[in-house]
Amino acid sequence: MNLFAEFREYLRHEGNNSKMRIGHGFDSHGWEVKKTKPLILGGTTFKSEYSLKGHSDSDVVVHACIDALLGPTGLGDIGMLFPDSDPKNENADSIEMLREVIAKITDLGWEVINIDCSVIAEKPNISKHKKEIENRISEIISAPFSIKGKHPEGLEQMNGIACFAVSLISEVTPITGRGRSVFRNVIGSLRDHIRRNVRLR
Ligand SMILES: [Zn+2]
């Protein structure tokens, strides 16, 4: 068996037994009677005459995503990590909270496979900033992120915005044992190949 076939075999069998978990998060914020801050969803500011109540920047999308990551990694929930009682969290940028959560779960040996979420809102129109939000969050979680806006059919009395998020996370498996020597050989042979065949200008 040649080196690359051996490596492929290794990945298929030994390197592919990492643990996966699903996470779920939910958040909702009510409309503020008087606009006090910008309307931010998924780290993106929407043009709106309304704002959402809340201690932080009230980004329901990011808050739901955070809970979808904290649940399956055993880190609790957003209220435990960023309590309302802490003045530090007043008007806090939720994107920064998400970065902190990603750093924490990465330290524990987890990586995000993807996050998908649904925003339930009469207004604003999520599709207007869909791509922008997806790119923004995707860059932070280093994985695909998808967002869909849904009208609250039959829930007309809803006085705010709600968001559901699901995440899939995977344990980063360290390369050990036989895999390590196979991996080292592959890297070595790639290096030789580049040295022989690629001239850098
Ligand atoms: Zn929230």
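Everything here concerns the structure above.
Fair warning: this is a prediction, and the values are worked out from it, not measured in the lab. (Residues numbered from 1 in each chain as written. Predicted model: local features only at pLDDT ≥ 70, side-chain atom pairs only at ≥ 80, totals over all residues.)

Describe the nonpolar core, and please don't skip the residues or the numbers.
Ranked by internal contacts, the top residues of the largest apolar core, which has 36 residues, are Val-61, Cys-65, Ile-66, Cys-117 and Val-119. Residue assignment for this core shows that the elements contributing at least two residues are strand E2 (39-41), helix H2 (60-70), helix H4 (94-107), strand E4 (110-120), helix H5 (130-141), strand E5 (145-150) and strand E6 (160-171). Per-element accounting of this core gives the leading share, nine residues, to H2. The residues touching Cys-117, leaving out its near neighbours within four places in the chain, are Val-61, Ala-64, Cys-65, Ile-147, Cys-163, Phe-164 and Ala-165. (Core = buried A, V, L, I, M, F, W, Y, C linked by C-beta atoms within 7 Å. Buried ≥ 20, exposed ≤ 12 C-beta atoms within 10 Å, placed from the backbone. Helix = DSSP H or I, 4+ residues; strand = E, 2+ residues; numbered from the N terminus. Contact = placed C-beta atoms within 7 Å.)

Describe H5, listing the residues and the values that go with them.
Relative to the 16 Å expected for twelve residues at 1.5 Å per residue, H5 spans 16 Å between its end C-alpha atoms, a close match to the ideal helical length. Inspection of H5 places Ile-133, Ile-137 and Ile-141 among the buried residues, and these make up the whole buried set. Viewed end-on, H5 has its buried residues packed into an arc of 50 degrees, placing them on one side of the element. Turned more than 90 degrees from where H5 packs its buried face, Lys-131, Glu-132 and Glu-139 sit exposed. (Expected span 1.5 Å × (residues − 1). Arc of directions from axis to C-beta.)

Break down the environment of Lys-35 for me, with residues and values.
If you trace the backbone, Lys-35 turns up in the loop between strand E1 (20-30) and E2. Lys-35 gets classed as partly exposed once you count the C-beta atoms within 10 Å, which come to 13. Put simply, Lys-35 and Glu-49 are 14 residues apart on the chain and 6.7 Å apart in space, counted from C-alpha to C-alpha. In contact with Lys-35, other than residues within four places in its own chain, are Glu-49, Tyr-50 and Ser-51.

Account for the sheet that holds E4, naming residues and giving values.
Spatial ordering of the open sheet is given by E1-E6-E4-E5, a layout of four strands whose pairing is mixed. If you trace the sheet from one side to the other, it starts and ends with E1 and E5, each paired once. Adjacent strand axes in the sheet meet at a mean angle of 15 degrees, parallel and antiparallel pairs treated alike. Bridging between E1 and E6 involves eleven bridges; their strand directions are antiparallel. Bridging from a neighbouring strand, Ile-22 pairs with Leu-168 of E6. Contacting E1, E4, E5 and E6, H2 crosses the sheet at an angle of about 150 degrees to E1. The strands touched by H5 within the sheet are E4 and E5, with E5 carrying the most contacts at an inclination of about 145 degrees. (Pairing = 2+ DSSP bridges. Axes fitted to C-alpha atoms, helices over the stretch in contact; angles between N-to-C directions.)

Can you tell me about unusual backbone geometry, naming the residues and giving the values?
The omega torsion across Lys-123 and Pro-124 is -5 degrees, close enough to zero to call that bond cis. Within the secondary structure layout, Pro-124 lies in the loop between E4 and H5. The phi dihedral of Ser-58 falls on the positive side, at around 65 degrees, and the residue is not glycine. Position of Ser-58 relative to the elements: it lies in the loop between strand E3 (44-46) and H2. The class for Ser-58 is buried, based on 25 C-beta atoms found within 10 Å. Here Ser-142, not a glycine, exhibits a phi torsion of approximately 55 degrees, which is positive. Note on placement: Ser-142 falls in the loop between H5 and E5. Classification of Ser-142 as exposed rests on a count of 10 C-beta atoms within 10 Å.

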